Amino acid sequence: MSWDQVWIDVNVATMSPSVSAPYGAITDAAIAVKEGKIVWVGPRSELPEFDVLSTPVYRGKGGWITPGLIDAHTHLVFAGSRANEFELRLQGASYEEIARSGGGIISTVKACREASEAELFELGRKRLNALAKEGVTTIEIKSGYGLDTETELKLLRVARELGKHHHVDVKTTFLGAHAIPPEYKDDVDGYVDLVINEMLPAVMAEGLADAADVFCENIAFSVEQTERVLSAAKKAGLDIKLHAEQLSNLGGSAMAAKLGAKSVDHIEYLDEDGIIAMSKSGTCATLLPGAFYFLRETQMPPIELLRKHKVPIVIASDYNPGSSPLCSSLLMLNMACTLFRLTPEEALAGMTRNAAKALGIEDKVGVLEAGMQADFCLWDITTPAELAYTYGAGACLEVVKAGHLVHQ
(Lines give C-alpha, C1' and ligand atoms only; values in the text may rest on other atoms or scores of the structure.)
Protein backbone atom coordinates (compact mmCIF):
# COMPACT_ATOMS: atom_id res chain seq x y z
CA MET A 1 0.00 0.00 0.00
CA SER A 2 1.43 3.39 -1.05
CA TRP A 3 0.28 6.45 0.90
CA ASP A 4 1.58 9.99 1.39
CA GLN A 5 1.17 10.00 5.18
CA VAL A 6 -0.34 8.03 8.03
CA TRP A 7 -1.54 9.31 11.40
CA ILE A 8 -1.54 6.92 14.37
CA ASP A 9 -1.80 7.09 18.17
CA VAL A 10 -4.89 9.27 17.77
CA ASN A 11 -8.58 9.26 18.48
CA VAL A 12 -10.75 10.53 15.64
CA ALA A 13 -14.03 12.45 15.87
CA THR A 14 -15.11 11.79 12.29
CA MET A 15 -18.41 13.73 12.73
CA SER A 16 -19.79 11.25 10.20
CA PRO A 17 -23.41 10.11 10.63
CA SER A 18 -22.30 6.69 9.39
CA VAL A 19 -20.38 6.13 12.64
CA SER A 20 -22.92 5.51 15.41
CA ALA A 21 -20.78 6.66 18.35
CA PRO A 22 -21.10 10.25 19.65
CA TYR A 23 -19.04 12.63 17.48
CA GLY A 24 -18.65 9.71 15.05
CA ALA A 25 -15.74 8.80 17.31
CA ILE A 26 -13.19 6.07 16.66
CA THR A 27 -10.76 5.57 19.53
CA ASP A 28 -7.21 4.30 19.00
CA ALA A 29 -7.62 5.13 15.33
CA ALA A 30 -5.53 5.80 12.23
CA ILE A 31 -5.88 7.99 9.16
CA ALA A 32 -4.16 7.49 5.80
CA VAL A 33 -3.79 10.31 3.26
CA LYS A 34 -2.90 10.27 -0.42
CA GLU A 35 -2.90 13.12 -2.96
CA GLY A 36 -4.67 15.47 -0.58
CA LYS A 37 -7.52 13.14 0.30
CA ILE A 38 -8.34 10.71 3.06
CA VAL A 39 -8.03 7.19 1.69
CA TRP A 40 -8.55 5.26 4.90
CA VAL A 41 -9.82 5.97 8.42
CA GLY A 42 -10.69 3.46 11.11
CA PRO A 43 -9.41 1.53 14.12
CA ARG A 44 -5.64 1.27 14.12
CA SER A 45 -5.93 -2.49 14.61
CA GLU A 46 -7.53 -2.68 11.15
CA LEU A 47 -5.03 -0.41 9.36
CA PRO A 48 -3.89 -2.15 6.16
CA GLU A 49 -0.20 -2.87 5.74
CA PHE A 50 1.79 -0.07 4.11
CA ASP A 51 5.39 0.75 3.26
CA VAL A 52 6.65 2.09 6.58
CA LEU A 53 10.04 3.00 5.11
CA SER A 54 8.70 5.40 2.49
CA THR A 55 5.56 6.71 4.24
CA PRO A 56 5.78 9.54 6.81
CA VAL A 57 4.07 8.44 10.02
CA TYR A 58 2.75 11.10 12.42
CA ARG A 59 2.03 10.20 16.03
CA GLY A 60 -0.74 12.10 17.80
CA LYS A 61 0.30 11.14 21.35
CA GLY A 62 -3.24 10.16 22.23
CA GLY A 63 -4.80 13.45 21.10
CA TRP A 64 -8.01 13.90 19.12
CA ILE A 65 -8.37 14.61 15.43
CA THR A 66 -11.46 16.44 14.15
CA PRO A 67 -12.41 17.80 10.75
CA GLY A 68 -10.99 21.26 10.08
CA LEU A 69 -13.31 23.91 11.46
CA ILE A 70 -15.52 25.82 9.03
CA ASP A 71 -16.67 29.37 9.82
CA ALA A 72 -19.66 29.73 7.52
CA HIS A 73 -20.64 33.36 8.22
CA THR A 74 -18.13 36.21 8.54
CA HIS A 75 -17.65 39.80 7.41
CA LEU A 76 -13.88 39.51 7.77
CA VAL A 77 -12.79 42.09 5.18
CA PHE A 78 -13.37 45.60 6.51
CA ALA A 79 -11.48 48.72 7.54
CA GLY A 80 -11.81 51.02 10.51
CA SER A 81 -12.70 50.44 14.15
CA ARG A 82 -15.90 51.05 16.09
CA ALA A 83 -14.36 50.73 19.57
CA ASN A 84 -15.34 54.33 20.26
CA GLU A 85 -18.99 53.43 19.65
CA PHE A 86 -18.60 50.54 22.08
CA GLU A 87 -17.49 53.03 24.70
CA LEU A 88 -20.33 55.43 23.86
CA ARG A 89 -22.95 52.71 24.20
CA LEU A 90 -21.59 51.74 27.59
CA GLN A 91 -21.84 55.39 28.59
CA GLY A 92 -25.52 55.42 27.68
CA ALA A 93 -25.66 56.57 24.04
CA SER A 94 -28.32 54.90 21.93
CA TYR A 95 -27.70 53.28 18.57
CA GLU A 96 -29.80 56.01 16.94
CA GLU A 97 -27.67 58.74 18.53
CA ILE A 98 -24.49 57.07 17.37
CA ALA A 99 -25.86 56.63 13.85
CA ARG A 100 -26.96 60.28 13.66
CA SER A 101 -23.43 61.37 14.52
CA GLY A 102 -22.00 59.37 11.61
CA GLY A 103 -21.37 56.11 13.43
CA GLY A 104 -22.82 52.65 12.99
CA ILE A 105 -22.46 50.71 9.77
CA ILE A 106 -22.01 53.93 7.80
CA SER A 107 -18.70 54.61 9.58
CA THR A 108 -17.45 51.20 8.42
CA VAL A 109 -18.73 51.87 4.90
CA LYS A 110 -16.82 55.17 4.83
CA ALA A 111 -13.61 53.45 6.02
CA CYS A 112 -13.95 50.68 3.44
CA ARG A 113 -14.58 53.11 0.59
CA GLU A 114 -11.42 54.99 1.54
CA ALA A 115 -9.17 51.95 2.10
CA SER A 116 -7.01 50.48 -0.65
CA GLU A 117 -7.12 46.82 -1.63
CA ALA A 118 -3.64 46.41 -0.16
CA GLU A 119 -4.76 47.85 3.19
CA LEU A 120 -7.85 45.66 3.27
CA PHE A 121 -5.80 42.59 2.35
CA GLU A 122 -3.36 43.15 5.21
CA LEU A 123 -6.19 43.61 7.71
CA GLY A 124 -7.92 40.51 6.44
CA ARG A 125 -4.72 38.47 6.47
CA LYS A 126 -4.14 39.13 10.17
CA ARG A 127 -7.69 38.11 11.03
CA LEU A 128 -7.50 35.00 8.89
CA ASN A 129 -4.24 34.01 10.56
CA ALA A 130 -5.92 34.26 13.97
CA LEU A 131 -8.72 31.94 12.87
CA ALA A 132 -6.31 29.52 11.20
CA LYS A 133 -4.40 29.09 14.46
CA GLU A 134 -7.65 27.87 16.02
CA GLY A 135 -8.12 25.15 13.43
CA VAL A 136 -10.23 26.93 10.81
CA THR A 137 -9.56 25.49 7.36
CA THR A 138 -12.53 26.94 5.43
CA ILE A 139 -14.25 30.29 5.81
CA GLU A 140 -17.00 32.32 4.19
CA ILE A 141 -16.36 36.06 3.72
CA LYS A 142 -19.15 38.46 2.81
CA SER A 143 -18.98 41.88 1.21
CA GLY A 144 -21.56 44.43 2.34
CA TYR A 145 -19.49 47.31 3.68
CA GLY A 146 -19.20 49.08 0.36
CA LEU A 147 -22.81 49.73 -0.65
CA ASP A 148 -21.61 50.99 -4.01
CA THR A 149 -20.44 48.99 -6.98
CA GLU A 150 -16.76 49.95 -6.82
CA THR A 151 -16.31 49.12 -3.14
CA GLU A 152 -18.38 45.94 -3.16
CA LEU A 153 -16.16 44.64 -5.96
CA LYS A 154 -13.07 45.74 -4.03
CA LEU A 155 -14.11 43.83 -0.92
CA LEU A 156 -14.85 40.67 -2.91
CA ARG A 157 -11.54 40.91 -4.79
CA VAL A 158 -9.67 41.11 -1.51
CA ALA A 159 -11.57 38.12 -0.13
CA ARG A 160 -10.70 36.11 -3.24
CA GLU A 161 -7.03 37.12 -2.94
CA LEU A 162 -6.94 36.01 0.67
CA GLY A 163 -8.04 32.57 -0.47
CA LYS A 164 -5.29 32.46 -3.09
CA HIS A 165 -2.52 33.41 -0.66
CA HIS A 166 -3.61 31.52 2.45
CA HIS A 167 -4.06 27.85 3.23
CA VAL A 168 -7.61 28.52 4.45
CA ASP A 169 -10.17 28.01 1.68
CA VAL A 170 -12.31 31.13 1.19
CA LYS A 171 -15.90 31.10 -0.07
CA THR A 172 -17.15 34.56 -1.02
CA THR A 173 -20.66 35.96 -0.68
CA PHE A 174 -22.01 39.11 -2.35
CA LEU A 175 -23.95 41.12 0.26
CA GLY A 176 -24.60 44.36 -1.58
CA ALA A 177 -28.03 44.49 0.04
CA HIS A 178 -26.61 44.67 3.57
CA ALA A 179 -27.87 48.13 4.49
CA ILE A 180 -29.29 51.22 2.84
CA PRO A 181 -26.56 53.72 1.92
CA PRO A 182 -27.13 57.38 2.84
CA GLU A 183 -27.41 58.41 -0.79
CA TYR A 184 -30.43 56.08 -1.20
CA LYS A 185 -32.13 56.63 2.18
CA ASP A 186 -35.26 57.97 0.42
CA ASP A 187 -35.18 55.50 -2.47
CA VAL A 188 -34.67 51.96 -1.21
CA ASP A 189 -36.20 50.39 -4.30
CA GLY A 190 -33.77 52.42 -6.37
CA TYR A 191 -30.89 50.92 -4.41
CA VAL A 192 -32.30 47.41 -4.91
CA ASP A 193 -32.36 48.17 -8.65
CA LEU A 194 -28.68 49.16 -8.42
CA VAL A 195 -27.81 45.91 -6.62
CA ILE A 196 -29.62 43.80 -9.22
CA ASN A 197 -28.88 45.68 -12.44
CA GLU A 198 -25.35 47.00 -11.84
CA MET A 199 -23.60 45.35 -8.89
CA LEU A 200 -24.66 41.76 -9.53
CA PRO A 201 -23.66 41.71 -13.23
CA ALA A 202 -20.29 43.28 -12.32
CA VAL A 203 -19.70 40.66 -9.63
CA MET A 204 -20.57 37.87 -12.05
CA ALA A 205 -18.40 39.32 -14.83
CA GLU A 206 -15.32 39.09 -12.57
CA GLY A 207 -16.32 35.76 -11.01
CA LEU A 208 -16.04 37.18 -7.52
CA ALA A 209 -18.83 35.42 -5.62
CA ASP A 210 -20.00 31.92 -4.80
CA ALA A 211 -23.25 33.07 -3.19
CA ALA A 212 -25.45 36.10 -2.55
CA ASP A 213 -27.02 37.29 0.69
CA VAL A 214 -29.47 40.00 1.85
CA PHE A 215 -30.32 41.51 5.23
CA CYS A 216 -34.11 41.11 5.42
CA GLU A 217 -35.33 43.20 8.35
CA ASN A 218 -37.39 46.29 9.18
CA ILE A 219 -34.24 48.42 9.32
CA ALA A 220 -32.97 47.05 5.99
CA PHE A 221 -34.87 45.33 3.16
CA SER A 222 -38.44 44.05 2.96
CA VAL A 223 -39.36 40.47 2.08
CA GLU A 224 -40.42 41.62 -1.40
CA GLN A 225 -37.17 43.52 -2.01
CA THR A 226 -35.17 40.60 -0.65
CA GLU A 227 -36.92 38.14 -2.93
CA ARG A 228 -36.08 40.30 -5.94
CA VAL A 229 -32.37 40.24 -5.10
CA LEU A 230 -32.23 36.54 -4.24
CA SER A 231 -34.18 35.55 -7.34
CA ALA A 232 -31.83 37.56 -9.55
CA ALA A 233 -28.78 36.05 -7.84
CA LYS A 234 -30.13 32.53 -8.23
CA LYS A 235 -30.89 33.16 -11.89
CA ALA A 236 -27.29 34.37 -12.31
CA GLY A 237 -26.05 31.03 -10.95
CA LEU A 238 -25.16 31.90 -7.36
CA ASP A 239 -26.12 30.00 -4.24
CA ILE A 240 -28.37 32.09 -2.01
CA LYS A 241 -28.59 32.69 1.74
CA LEU A 242 -30.16 35.23 4.04
CA HIS A 243 -29.83 37.33 7.18
CA ALA A 244 -33.34 37.10 8.63
CA GLU A 245 -35.55 37.08 11.71
CA GLN A 246 -32.85 38.71 13.85
CA LEU A 247 -34.99 41.55 15.19
CA SER A 248 -38.51 40.56 14.12
CA ASN A 249 -40.37 37.86 12.22
CA LEU A 250 -41.02 39.12 8.69
CA GLY A 251 -41.23 35.68 7.05
CA GLY A 252 -37.99 36.05 5.11
CA SER A 253 -36.76 32.60 6.13
CA ALA A 254 -39.76 30.81 4.64
CA MET A 255 -39.43 32.81 1.43
CA ALA A 256 -35.70 32.03 1.15
CA ALA A 257 -36.31 28.36 1.86
CA LYS A 258 -38.83 28.17 -0.98
CA LEU A 259 -36.16 29.63 -3.26
CA GLY A 260 -33.73 26.90 -2.15
CA ALA A 261 -31.46 28.95 0.13
CA LYS A 262 -28.43 27.12 1.54
CA SER A 263 -28.87 28.80 4.91
CA VAL A 264 -30.83 31.39 6.85
CA ASP A 265 -28.78 33.15 9.51
CA HIS A 266 -29.47 34.79 12.90
CA ILE A 267 -33.16 33.63 13.12
CA GLU A 268 -33.80 34.52 16.78
CA TYR A 269 -37.45 35.37 15.95
CA LEU A 270 -38.07 32.49 13.53
CA ASP A 271 -41.43 30.73 13.96
CA GLU A 272 -42.38 27.10 13.40
CA ASP A 273 -43.87 27.73 9.94
CA GLY A 274 -40.52 29.12 8.81
CA ILE A 275 -38.70 26.18 10.34
CA ILE A 276 -40.99 23.68 8.58
CA ALA A 277 -40.28 25.43 5.26
CA MET A 278 -36.55 25.18 5.95
CA SER A 279 -36.84 21.53 6.87
CA LYS A 280 -38.61 20.73 3.61
CA SER A 281 -36.01 22.55 1.51
CA GLY A 282 -32.94 21.31 3.39
CA THR A 283 -32.00 24.87 4.34
CA CYS A 284 -29.57 25.19 7.26
CA ALA A 285 -30.12 27.38 10.31
CA THR A 286 -26.99 29.40 11.07
CA LEU A 287 -26.80 30.60 14.67
CA LEU A 288 -24.50 33.50 15.54
CA PRO A 289 -23.87 33.47 19.30
CA GLY A 290 -21.21 36.18 19.09
CA ALA A 291 -23.74 38.78 17.94
CA PHE A 292 -26.28 37.55 20.48
CA TYR A 293 -23.68 38.01 23.23
CA PHE A 294 -22.21 41.32 22.09
CA LEU A 295 -25.58 42.98 21.55
CA ARG A 296 -26.89 41.53 24.81
CA GLU A 297 -29.91 40.06 23.08
CA THR A 298 -32.57 38.23 25.04
CA GLN A 299 -34.62 36.49 22.33
CA MET A 300 -33.25 32.95 22.06
CA PRO A 301 -33.21 31.14 18.70
CA PRO A 302 -35.87 28.38 18.54
CA ILE A 303 -33.46 25.54 19.29
CA GLU A 304 -36.05 22.93 20.28
CA LEU A 305 -38.10 23.53 17.14
CA LEU A 306 -34.99 23.25 14.98
CA ARG A 307 -34.23 19.92 16.65
CA LYS A 308 -37.84 18.76 16.32
CA HIS A 309 -37.89 19.38 12.57
CA LYS A 310 -34.30 18.17 12.06
CA VAL A 311 -33.03 21.41 10.55
CA PRO A 312 -29.20 21.31 10.38
CA ILE A 313 -27.80 23.79 12.92
CA VAL A 314 -24.69 25.75 11.93
CA ILE A 315 -22.53 27.78 14.32
CA ALA A 316 -20.52 30.72 12.96
CA SER A 317 -18.65 33.74 14.31
CA ASP A 318 -20.35 36.52 12.31
CA TYR A 319 -17.01 38.31 12.79
CA ASN A 320 -17.65 41.99 12.01
CA PRO A 321 -16.81 45.41 13.52
CA GLY A 322 -20.26 46.31 14.76
CA SER A 323 -22.20 43.44 16.30
CA SER A 324 -19.64 40.63 16.70
CA PRO A 325 -16.03 41.89 16.84
CA LEU A 326 -14.95 38.47 18.10
CA CYS A 327 -12.36 36.84 15.85
CA SER A 328 -12.57 33.36 17.34
CA SER A 329 -14.44 30.35 16.06
CA LEU A 330 -13.53 28.29 19.13
CA LEU A 331 -15.15 30.89 21.37
CA MET A 332 -18.35 30.41 19.36
CA LEU A 333 -18.42 26.72 20.31
CA ASN A 334 -18.45 27.68 23.97
CA MET A 335 -21.04 30.41 23.46
CA ALA A 336 -23.29 28.08 21.46
CA CYS A 337 -23.41 25.78 24.48
CA THR A 338 -23.54 28.35 27.28
CA LEU A 339 -25.92 30.83 25.61
CA PHE A 340 -28.03 28.60 23.35
CA ARG A 341 -27.79 25.34 25.36
CA LEU A 342 -26.53 23.28 22.46
CA THR A 343 -24.64 20.14 23.35
CA PRO A 344 -20.89 20.17 22.61
CA GLU A 345 -21.52 17.59 19.89
CA GLU A 346 -24.19 19.76 18.25
CA ALA A 347 -21.88 22.77 18.41
CA LEU A 348 -18.98 20.92 16.79
CA ALA A 349 -21.28 19.54 14.09
CA GLY A 350 -22.30 23.17 13.52
CA MET A 351 -18.72 24.11 12.67
CA THR A 352 -17.91 21.00 10.62
CA ARG A 353 -20.54 18.82 8.94
CA ASN A 354 -23.43 21.29 8.96
CA ALA A 355 -21.24 24.29 8.13
CA ALA A 356 -20.03 22.46 5.02
CA LYS A 357 -23.64 21.88 4.01
CA ALA A 358 -24.44 25.57 4.48
CA LEU A 359 -21.64 26.43 2.04
CA GLY A 360 -22.57 23.70 -0.45
CA ILE A 361 -19.28 21.81 -0.01
CA GLU A 362 -20.46 18.86 2.08
CA ASP A 363 -19.15 16.47 -0.59
CA LYS A 364 -15.59 17.69 0.06
CA VAL A 365 -15.13 18.66 3.71
CA GLY A 366 -16.84 18.61 7.10
CA VAL A 367 -16.48 14.93 7.98
CA LEU A 368 -13.54 12.53 8.04
CA GLU A 369 -14.31 9.73 5.60
CA ALA A 370 -12.47 8.03 2.77
CA GLY A 371 -12.71 10.20 -0.35
CA MET A 372 -13.03 13.50 1.52
CA GLN A 373 -10.41 16.23 1.36
CA ALA A 374 -7.75 15.75 4.06
CA ASP A 375 -8.63 18.81 6.16
CA PHE A 376 -8.24 18.02 9.84
CA CYS A 377 -6.83 19.23 13.16
CA LEU A 378 -5.00 17.50 15.98
CA TRP A 379 -6.05 18.73 19.42
CA ASP A 380 -4.44 18.34 22.82
CA ILE A 381 -7.69 17.25 24.48
CA THR A 382 -9.02 14.15 26.22
CA THR A 383 -12.55 14.41 24.82
CA PRO A 384 -14.08 16.40 21.92
CA ALA A 385 -16.36 18.12 24.44
CA GLU A 386 -13.32 20.10 25.64
CA LEU A 387 -13.40 22.17 22.45
CA ALA A 388 -16.64 23.75 23.67
CA TYR A 389 -15.97 23.42 27.39
CA THR A 390 -12.82 25.49 27.68
CA TYR A 391 -11.30 28.40 25.79
CA GLY A 392 -7.88 30.00 25.36
CA ALA A 393 -5.72 27.03 26.32
CA GLY A 394 -4.08 26.67 22.89
CA ALA A 395 -5.37 23.16 22.29
CA CYS A 396 -4.78 23.14 18.50
CA LEU A 397 -1.49 21.32 17.96
CA GLU A 398 -1.43 20.69 14.21
CA VAL A 399 -3.54 21.48 11.16
CA VAL A 400 -3.56 19.51 7.92
CA LYS A 401 -5.02 21.19 4.83
CA ALA A 402 -5.56 19.10 1.70
CA GLY A 403 -2.97 16.67 3.00
CA HIS A 404 -0.32 19.29 3.83
CA LEU A 405 0.77 20.06 7.38
CA VAL A 406 0.22 23.84 7.54
CA HIS A 407 0.37 24.59 11.27
CA GLN A 408 2.20 23.01 14.19
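Keep in mind that this is a model prediction, so the values were computed, not measured.

Engineer: Got a minute to help me understand the pairing of strand β16 (residues 404-407) in this structure?
Structural biologist: Every other side chain in a regular strand lies on the same face of the sheet, so the side chains alternate between the two faces. Inspection of the sheet shows strand β15 (residues 396-401) paired to β16 by three bridges, in the antiparallel sense. Note that in β16 the partner of V399 across the bridge is H407. From the end of β15 to the start of β16, which pair antiparallel, there are two residues, and A402 there has a positive phi angle of about 50°.

Engineer: Sorry if this is basic, but what is going on with unusual backbone geometry here?
Structural biologist: Where the residue is not glycine, phi is negative for most of them; where a peptide bond is considered, it is trans in most cases. A positive phi angle is found at E245, which is not glycine, with a value near 55°. Within the element layout of this structure, E245 appears in the loop between β10 (239-244) and α8 (252-258). On the basis of relative accessibility, which here comes to 1%, the residue E245 falls in the buried class. A positive phi angle, close to 55°, is found at R296, a residue other than glycine.

Engineer: What is the right way to read the packing of aromatic side chains from this model?
Structural biologist: Inspection of the entire model under this criterion finds nine aromatic pairs. On the basis of an interplanar angle of 50° and a centroid distance of 5.7 Å, the ring pair of F78 and Y319 is categorised as tilted. Of this pair, F78 sits in the loop between β6 (69-71) and α1 (83-90) while Y319 sits in the loop between β13 (313-315) and α12 (329-340), placing them 241 residues apart in sequence. Look at Y319 and you get buried, because its relative accessible area is 10%. Taking 6.2 Å as the distance between ring centres and 25° as the angle between the ring planes, the aromatic pair formed by Y191 and F221 counts as stacked. Here the residue Y191 occupies a position in helix α6 (residues 188-206), and F221 occupies one in the loop between β9 (211-216) and α7 (223-236), the gap between them amounting to 30 residues. In this pair, the class of Y191 matches that of F221, namely buried. An aromatic cluster is defined as three or more aromatic residues linked by ring pairs; in this entry it consists of W7, Y58 and F376.

Engineer: Mind showing me how you'd approach the pattern of salt bridges here?
Structural biologist: When charged atoms on two side chains of opposite charge get close, those side chains can pair. Enumeration according to the criterion identifies 19 salt bridges in this entry. Residues D193 and R228 are paired through a salt bridge, measuring 2.6 Å at the closest nitrogen-oxygen approach. Linking D193 in helix α6 with R228 in helix α7, this pair joins segments that are 35 residues apart in sequence. Given the relative accessible area of 31%, D193 is considered partly exposed. Under the relative-accessibility criterion, R228 is labelled partly exposed at 36%. Through salt bridges with shared partners, a single network forms among E140, K142, D213 and K241.

Engineer: Would you take a moment to explain the domain arrangement of the protein for this structure?
Structural biologist: Accessible area lost during the coming together of the parts is what is often quoted as the interface size. Here the domain parsing of the protein yields domain 1 (5-67 + 367-407) and domain 2 (69-359). A straight line from the C-alpha centre of domain 1 to that of domain 2 covers 31 Å. Counting residues at the interface gives 24 residues for domain 1 and 21 residues for domain 2. Roughly 1800 Å² is buried in total at the junction of domain 1 and domain 2, and carbon and sulfur atoms are behind 68% of that figure. Remark: the boundary between domain 1 and domain 2 carries one salt bridge. Across the pair K401 and D169 runs a salt bridge, and its minimum N-O distance is 2.8 Å. At the boundary of domain 1 with domain 2, the tally comes to seven residue pairs in polar contact (both at pLDDT 80 or more). Tallying contributions element by element places β15 first for the side of domain 1 that touches domain 2, with four residues. In the side of domain 1 that touches domain 2, the residues fall into 18 nonpolar, four polar and two charged.

Engineer: Explain the packing of helix α4 (residues 117-132) against helix α5 (residues 149-164) to me, please; I cannot follow it from the model alone.
Structural biologist: For any two helices packed against each other, the geometry is given by the interaxial angle and the distance between the axes. One way to put it is that α4 packs onto α5 with a least axis distance of 9 Å and a crossing angle of 45°. With respect to α5, the axis of α4 lies oblique. The element α4 and its partner α5 pack so that their crossing is right-handed. Across the interface between the two elements, E117, L120, F121, G124, R125 and L128 of α4 pack against K154, L155, R157, V158, E161 and L162 of α5. Of the residues contributing to the contact of α4 with α5, the split by class is six nonpolar, one polar and five charged.

Engineer: Looking at this model, I keep getting lost on the pairing of β10. Mind explaining?
Structural biologist: Counting buried positions along β10 yields five of six residues, so the element is predominantly enclosed. Pairing geometry for β9 and β10, over four bridges, is parallel. Looking at β10, one finds that C216 is bridged to A244. Running through α8, the crossover from β10 to the neighbouring parallel element strand β11 (residues 263-266) is right-handed.

The rules we used
- Residues numbered from 1 in each chain as written.
- Predicted model: local features only at pLDDT ≥ 70, side-chain atom pairs only at ≥ 80, totals over all residues.
- Heavy atoms only, no water.
- Pairing = 2+ DSSP bridges.
- Helix = DSSP H or I, 4+ residues; strand = E, 2+ residues; numbered from the N terminus.
- Buried < 20%, exposed > 50% of the residue type's maximum accessible area, 1.4 Å probe, protein only.
- Phe/Tyr/Trp six-rings, centres within 6.5 Å; stacked < 30°, edge-to-face > 60°.
- Salt bridge = Lys/Arg side-chain N within 4 Å of Asp/Glu carboxyl O.
- Domains from an automatic or database assignment.
- Contact = heavy atoms within 4.5 Å.
- Buried area = accessible area lost by both parts, 1.4 Å probe.
- Polar contact = N/O pair within 3.5 Å; in protein donor to acceptor, adjacent residues only side chain to side chain.
- Nonpolar A, V, L, I, M, F, W, Y, C, P; charged D, E, K, R; others polar.
- Axes fitted to C-alpha atoms, helices over the stretch in contact; angles between N-to-C directions.
- Parallel < 35°, antiparallel > 145°, perpendicular 65-115°, else oblique.
- Left-handed = near helix turned anticlockwise from the far one by under 90°.
- Right-handed = clockwise from strand over helix to strand, strands pointing away.

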